[in-house]
Amino acid sequence: MSEIKITRIETFIVDLPTIRPHHLSMAVMRTQSMVIIRLFSSDGIEGLGEATTIGGISYADEFPEGIKLAIDTYFTPLLVNQDPTKINSLMKLLDKNVSGNNFAKSGIETALLDAHAKRLGVPVHNLFGGALSPTLPVLWTLASGNTDTDIAEAQKLLTDKKHNVFKLKIGSRDPKADIEHVSAIKSALGESVKITVDVNQAWSEQIAKRAIQKLQDAGVDLIEQPLAKHNFEGMARLSAYFEVPIMADEAAGSVQDAYKLAKLNAARVFALKIAKSGGLTNIAKQAAIAQGAGISLYGGTMLEGTIGTLASAHIFSTLPNLDWGTELFGPLLLTDDIVKKPITYKNFSLEIPQGAGLGIELDMNQVEKYKRK
Ligand code: MUC
Ligand code: MG
């Protein structure tokens, strides 16, 4: 086989409205902006990738316009004319020449994996040894900003068999209001419905200690990232003190973070996200650290559209310790899609496409409609 080369990388930003405002501790989302990557090679195969963050520049260090610029200006010249089948070499090359920028790296690795799996005629999960299950459980995040609206939303989703676990985004109001909000939802939905809360780093350790006690008493099942992401010691103290498990999200960025958190017993669960960790391969590495340390896993989302969501689903489906399921509901928060066949969600789960690559195709009319001009 003559050597294959990357010929061109195209990037564009797609802005899709959300079905309702989504309230987080640092931002209210009314649209989601995703950087879509098309990676073309000399054998005619195209790989799709997505690099997406939350709330412009408020959630992470990277932001849509910057991700696009970084890929166009710095990543593309490094990658063009290289062999797209040598994925580990290319990611090593990027790590050597590009500091940080993990969201952009994840989008590029996704495009390389999609292309390579298409080339081999297998789904992306096969490149990681194969899925353990053809479906993944998916929870829903209640974040309308209003308790009664959240309860009605959850009840409809339960009746429609869409989701039976709910995550509540808290931390933007005072803890007393948050605790009342969470307790009201927990008692309205009943004992059997799991409730998790995501504080998105909003609390000091002192506030967290008081608030988590009340959330534990109210029957909350999991507490996500209560403290600032760098406060590993504080997370370790909370994890040792409380029965309710503490999950690291923003703190569990890199493979190195996973090692340090495990060493400090700073979290009982890791929320993994392909964007934070710089791609699917790094997810497998973080998962191995967690497995060795007896830490459970949760399949996180950066509220990606269909491309990023499926890239996440392919790798999460290979993890044996995915005890807390996933929150891969991103496409359901959006009013429309840019792919020909959207993901099937049913029976509280998502179906992983079994076609070659990620198993999706862009719908170019839809791309034209939502592409930022
Ligand atoms: C986060 O921090 O977990 C995931 C779901 C959601 O609503 O926000 C996110 C980000
Ligand atoms: Mg989180």
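The structure we're discussing is the one just above.
Every residue gets a number counted from 1 within its own chain, in the order that chain's sequence is written. Lettering for chains starts from A, numbering for ligands starts from 1, and both go in the order in which the items are written. A pLDDT threshold of at least 70 governs which residues receive local features in this predicted model, and a stricter bar of 80 or more applies before side-chain atom pairs are shown or counted, although totals over entire chains, interfaces and linings include all residues. The side-chain numbers reported here are obtained from all heavy atoms of the structure, hydrogens and water having been left aside.

As for the nonpolar core
Next up, step 1: Nine residue types can take part in a nonpolar core, namely buried Ala, Val, Leu, Ile, Met, Phe, Trp, Tyr and Cys, and a core is a set of them joined through side-chain atoms within 4.5 Å. Categorising residues by exposure relies on relative accessible area from a 1.4 Å probe, with only protein chains included: less than 20% of the type maximum marks a residue as buried, more than 50% marks it as exposed, and the intermediate range marks it as partly exposed. With 113 residues, the main nonpolar core has F75, F166, I212, L215, I223, F270 and F316 as its most contacted residues.
Next up, step 2: The helix and strand labels rest on DSSP assignments: H or I over at least four residues marks a helix, E over at least two residues marks a strand, and numbering proceeds from the N terminus. Per-element accounting of this core gives the leading share, 7 residues, to helix α3 (residues 102–120).
Next up, step 3: Both of domain 1 (6–121 + 363–370) and domain 2 (127–351) provide at least three residues apiece to this core.
Next up, step 4: Look past the residues within four positions of I212 in its chain and what remains in contact with it is W203, I223, P226, L238, F242, V244 and I246.
Next up, step 5: The next biggest cluster of nonpolar side chains, apart from the first, holds 6 residues, and it includes L222, M247, V269 and A271. Start and end positions for the domains come from either an automated domain assignment or a database one. Contacts are residue-level and defined by heavy atoms, with any inter-residue pair within 4.5 Å sufficient.

As for the environment of T110
Next up, step 1: Considering the arrangement of structural elements, one finds T110 in helix α3.
Next up, step 2: Using a relative accessible area of 2% as the deciding quantity, one classes T110 as buried.
Next up, step 3: For the pair T110 and V339, spaced 229 residues apart in the sequence, the C-alpha separation amounts to 16 Å.
Next up, step 4: In this structure, T110 is in contact with L48, G49, I274, L280, A311 and L358, ignoring residues within four places of it in sequence.

Focus on the packing of helix α6 (residues 205–217) against helix α7 (residues 232–241)
Next up, step 1: Put simply, α6 and α7 touch, their axes get as near as 11 Å, and they point 25° apart. Judged on the interaxial angle alone, α7 and α6 are roughly parallel. The two elements α6 and α7 meet at a crossing, and its hand is right-handed. Of the residues in α7, those in contact with E205, A208, K209, I212 and Q213 of α6 are G234, R237, L238 and Y241.
Next up, step 2: Counted by class, the contact of α6 with α7 contains 4 nonpolar, 2 polar and 3 charged residues. Axes, fitted as lines to C-alpha atoms, cover a helix only where it is in contact. Angles between the N-to-C directions of the axes lie from 0 to 180 degrees. Between 65 and 115 degrees an angle is taken as roughly perpendicular, under 35 as roughly parallel, over 145 as roughly antiparallel, and anywhere else as oblique. Note: crossing handedness is left-handed where the near helix turns anticlockwise from the far helix by less than a right angle, and right-handed where it turns clockwise. All amino acids are sorted into three groups, where Ala, Val, Leu, Ile, Met, Phe, Trp, Tyr, Cys and Pro are nonpolar, Asp, Glu, Lys and Arg are charged, and the leftover types, Gly among them, are polar.

A short note on the site of ligand 1
Next up, step 1: If a single non-hydrogen atom of a residue is within 4 Å of a molecule or strand, that residue counts as near it. Neighbouring ligand 1 are 16 residues; H22, Y59, K167, D198 and N200 lie closest to it.
Next up, step 2: Taking D198, its side chain carries an N or O atom lying 3.0 Å from an oxygen atom of ligand 1.
Next up, step 3: Shrake-Rupley sampling with a 1.4 Å probe provides the accessible areas, and residues are treated as covered by the protein chains on show and by no other component. Calculation on ligand 1 without its partners gives an accessible area of 280 Å², and the protein chains cover 100% of this total.
Next up, step 4: Taken domain by domain, the shell around ligand 1 gets at least three of its residues from each of domain 1 (6–121 + 363–370) and domain 2 (127–351). Counting of polar contacts relies on pairs of N or O atoms within 3.5 Å, with two restrictions inside protein: one atom must be capable of donating a hydrogen and the other of accepting it, and residues adjacent in sequence are counted only when both atoms are side-chain atoms.

Some remarks on the packing of aromatic side chains
Note on aromatic pairs: each is described by the distance of the centres and the angle between the planes.
Next up, step 1: Working definition: rings of Phe, Tyr and Trp (its six-membered ring) pair if their centres are within 6.5 Å, and the pair is stacked with planes under 30 degrees apart, edge-to-face with planes over 60 apart, and tilted otherwise. Per the stated rule, a full pass over the model turns up 2 aromatic pairs.
Next up, step 2: Seen in terms of ring centroids, W140 and F329 are 4.9 Å apart; in terms of plane orientation they differ by 55°. Their pairing is tilted. Of this pair, W140 sits in strand β5 (residues 140–142) while F329 is found in the loop between α11 (306–316) and β12 (345–346), placing the two residues 189 residues apart along the sequence. Summarising the burial analysis for this pair, W140 and F329 share the class buried.
Next up, step 3: For the ring pair Y241 and F242, a centre distance of 4.9 Å and an interplane angle of 85° mean the geometry is edge-to-face.
Next up, step 4: A residue is classified by how much of its surface remains accessible, and F242, at 3% relative accessible area, is buried.
Next up, step 5: A positively charged side chain is recorded as over a ring if its NZ (Lys) or CZ (Arg) lies within 6 Å of the ring centre. The angle to the ring normal must also be within 35 degrees. Cation over ring: R8 sits above F40, and NZ or CZ is 4.2 Å from the ring centre.
Next up, step 6: For the cation-ring pair, K194 lies above W324, with the distance from its terminal atom to the ring centre recorded as 5.2 Å.

Describing helix α2 (residues 87–97)
Next up, step 1: Of the residues making up α2, those classed as buried are I87, L90, M91 and L94. All buried residues of α2 fall inside an arc of 95° around its axis, so they share one side. Residues N88, K92 and K96 are exposed on α2 and point more than 90 degrees away from its buried face.
Next up, step 2: Taken together, the buried residues of α2 touch β1 (6–23), α1 (64–79) and α3. By construction, the arc corresponds to the directions joining the helix axis to the C-beta atoms.

Considering the coordination of the magnesium ion (ligand 2)
Next up, step 1: Because water is not among the atoms used, a metal site may look incomplete, as its donors are only the N, O and S atoms within 2.8 Å, or 3.2 Å for Na, K and Ca. Ligation of the magnesium ion (ligand 2) by protein atoms is provided by D198 (OD), E224 (OE) and D249 (OD), these donors lying 2.0 to 2.2 Å from the ion.
Next up, step 2: Considered as a linear motif, the donors of the magnesium ion (ligand 2) on their single chain read D-x25-E-x24-D. Taken together, the residues D198 in strand β7 (residues 194–198) and D249 in the loop between β9 (246–248) and α8 (255–263) connect sequence positions 51 residues apart.
Next up, step 3: With a relative accessible area of 1%, D198 lands in the buried category.

Some points on the pairing of strand β2 (residues 28–41)
Residues in a regular strand point their side chains to alternate faces of the sheet.
Next up, step 1: Among the 14 residues of β2, 11 are classified as buried, and the element is accordingly described as predominantly covered.
Next up, step 2: For two strands to count as paired, DSSP must find a minimum of two bridges between them. Summarising the sheet, β1 and β2 pair through 13 bridges and their orientation is antiparallel. Across the sheet, E10 pairs through a bridge with R38, a residue of β2.
Next up, step 3: Connecting β1 to the next strand, β2, in antiparallel fashion are 4 residues.
Next up, step 4: Sheet analysis places β2 next to strand β3 (residues 46–52), joined by 7 bridges and oriented antiparallel. Residue R38 lies in a different strand from β3, and its bridge partner there is L48.
Next up, step 5: As consecutive antiparallel partners, β2 and β3 are separated by 4 residues, and within that stretch G44 has a phi angle of approximately 85°, a positive value.

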